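Notes for the structure review
The primary structure of each chain is shown beneath.
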Amino acid sequence: RPDSPWVVSALTAMLHSADTRWDEQILVSLDHEDGQVRLVAARATGELELKTARQKLLNMLEDEDDDEVYEAVIWSLSQIGGEDVRDYLQALLDAAEDDDTVEFLEDALTNLSFTEDMEDFGLMAYDADDELLDEDETDDLEDEAEK
């Protein structure tokens, strides 16, 4: 349905779905005339880590008038990371005059660092092609660990 409350509800469900099949609908909603729709769409891009939204979100930093949407865009960029994000956020921090804004941007940069570190964290990667150790191999590893 085209009315904003329904779109917000649908986007909220997409945000919580952990399913990137909604990418296109979320990206389109970043241009919606209703600020509440743009807010939830911006949050969804971050939660789903939609790298395809990065450039659109960076562009929104220049054009967005709604403070809440603007902050959601910044936070989503910190969740997505990638090319130019750190430079943009640092430039915003350098230009910030309000203590609350400075604190928010510092938090976003900290989150960005976490995001970047997680990309390099190989323990979270799962490869279905890796073979599981059989029982004898497991016992051998345990014996060596005890020594």
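Located above this text is the structure these notes cover.
Attention in this report is confined to the structure presented alongside it. Throughout this document, residue positions are counted from 1 along each chain, in the order its sequence is written. Local features are withheld for residues below a pLDDT of 70 in this predicted model, meaning they are given only at 70 or higher, and side-chain atom pairs are given and counted only at 80 or more; totals for whole chains, interfaces and linings count all residues. Just so you know, side-chain values use all the structure's heavy atoms and leave hydrogens and water out.

**Some thoughts on the overall build of the protein**
The following threshold applies: Only runs of H or I of at least four residues qualify as helices and only runs of E of at least two qualify as strands under DSSP, and these elements are numbered from the N terminus. Throughout, exposure labels follow a simple rule: accessible area from a 1.4 Å probe, protein chains only, divided by the maximum for the residue type, with under 20% read as buried, over 50% as exposed, and the rest as partly exposed. Note on contacts: a residue pair is in contact if any heavy atoms of the two residues lie within 4.5 Å.
In terms of regular secondary structure, the protein is built from 8 helices and 0 strands. The linear arrangement of helices and strands in the protein, starting from the amino end, is α-α-α-α-α-α-α-α. The buried share of the protein, taken over its 147 residues, is 33%. Residue pairs in contact within the protein that sit at least 24 positions apart in sequence constitute 61% of those at least 6 positions apart.

**Remarks on the nonpolar core**
A general tendency of soluble globular proteins is for nonpolar side chains to be buried together. Stated precisely, the cut-off is as follows: Buried Ala, Val, Leu, Ile, Met, Phe, Trp, Tyr and Cys residues form a nonpolar core when they are joined through side-chain atoms within 4.5 Å.
Core analysis: the biggest nonpolar cluster contains 35 residues, and Leu11, Ile26, Leu30, Leu57, Val73, Leu77 and Leu89 have the highest contact counts within it. Of all the elements in the fold, those that place two or more residues in this core are helix H1 (4–15), helix H2 (23–29), helix H3 (35–47), helix H4 (54–63), helix H5 (67–80), helix H6 (85–95) and helix H7 (99–119). In this view, isoleucine 26 contacts Leu11, Met14, Ala41, Ala44, Thr45, Leu48 and Leu50; residues no more than four positions away in its chain are not counted.

**A short note on the side chain of serine 78**
One can find serine 78 in helix H5. If sequence neighbours within four positions are ignored, serine 78 has contacts with Leu89, Ala108, Asn111, Leu112 and Thr115.

**Some details on the environment of threonine 45**
Mapped onto the secondary structure, threonine 45 falls in helix H3. Taking the C-alpha atoms as reference points, threonine 45 and leucine 30, 15 residues apart in sequence, are found 9.2 Å from one another. With near-sequence residues (within four places) excluded, threonine 45 lies in contact with Ile26, Leu30, Leu50, Ala53, Leu57, Ser76 and Ile80.

**Here's the deal with unusual backbone geometry**
Where the residue is not glycine, phi is negative for most of them; where a peptide bond is considered, it is trans in most cases. If you check the backbone angles, glutamate 49 has positive phi at about 50° while not being a glycine. Within the secondary structure, glutamate 49 is located in the loop between H3 and H4. Residue classification places glutamate 49 among the partly exposed residues on the basis of a relative accessible area of 48%. Although it is not a glycine, aspartate 84 adopts a positive phi angle of roughly 75°. Position of aspartate 84 among the secondary structure elements: in the loop between H5 and H6. The class of aspartate 84 is partly exposed, set by a relative accessible area of 35%.

**Section: the packing of aromatic side chains**
Put simply, the rule reads: Only centres within 6.5 Å qualify two rings of Phe, Tyr or Trp (six-membered ring in Trp) as a pair; their planes then separate them into stacked at under 30 degrees, edge-to-face at over 60, and tilted for everything else.
Inspection of every chain in the model, using the stated rule, returns 1 aromatic pair. With centroids separated by 6.1 Å and ring planes inclined at 40°, the aromatic side chains of tryptophan 75 and phenylalanine 104 adopt a geometry described as tilted. One end of the pair, tryptophan 75, is in helix H5; the other, phenylalanine 104, is in helix H7, and 29 residues separate them in sequence.

**Observations concerning the pattern of salt bridges**
For the record, the criterion: The term salt bridge refers to a pairing of a side-chain nitrogen on Lys or Arg with a carboxyl oxygen on Asp or Glu at a separation within 4 Å.
Taken as a whole, this structure holds 4 salt bridges when the rule is applied. The closest approach of N and O atoms between aspartate 31 and lysine 56, which form a salt bridge, is 2.3 Å. Of this pair, aspartate 31 sits in the loop between H2 and H3 while lysine 56 sits in helix H4, and the two are 25 residues apart along the sequence. Here lysine 56 falls in the partly exposed class, since its relative accessible area comes to 28%. For arginine 43, the salt bridge goes to glutamate 68, with nearest N and O atoms at 3.6 Å. Remark: glutamate 68 occurs in helix H5 and arginine 43 occurs in helix H3; sequence separation between them is 25 residues. Looking at arginine 43, the relative accessible area reads 38%, which means it is partly exposed.

Read these as layout, nothing more, since geometry by itself doesn't imply function.
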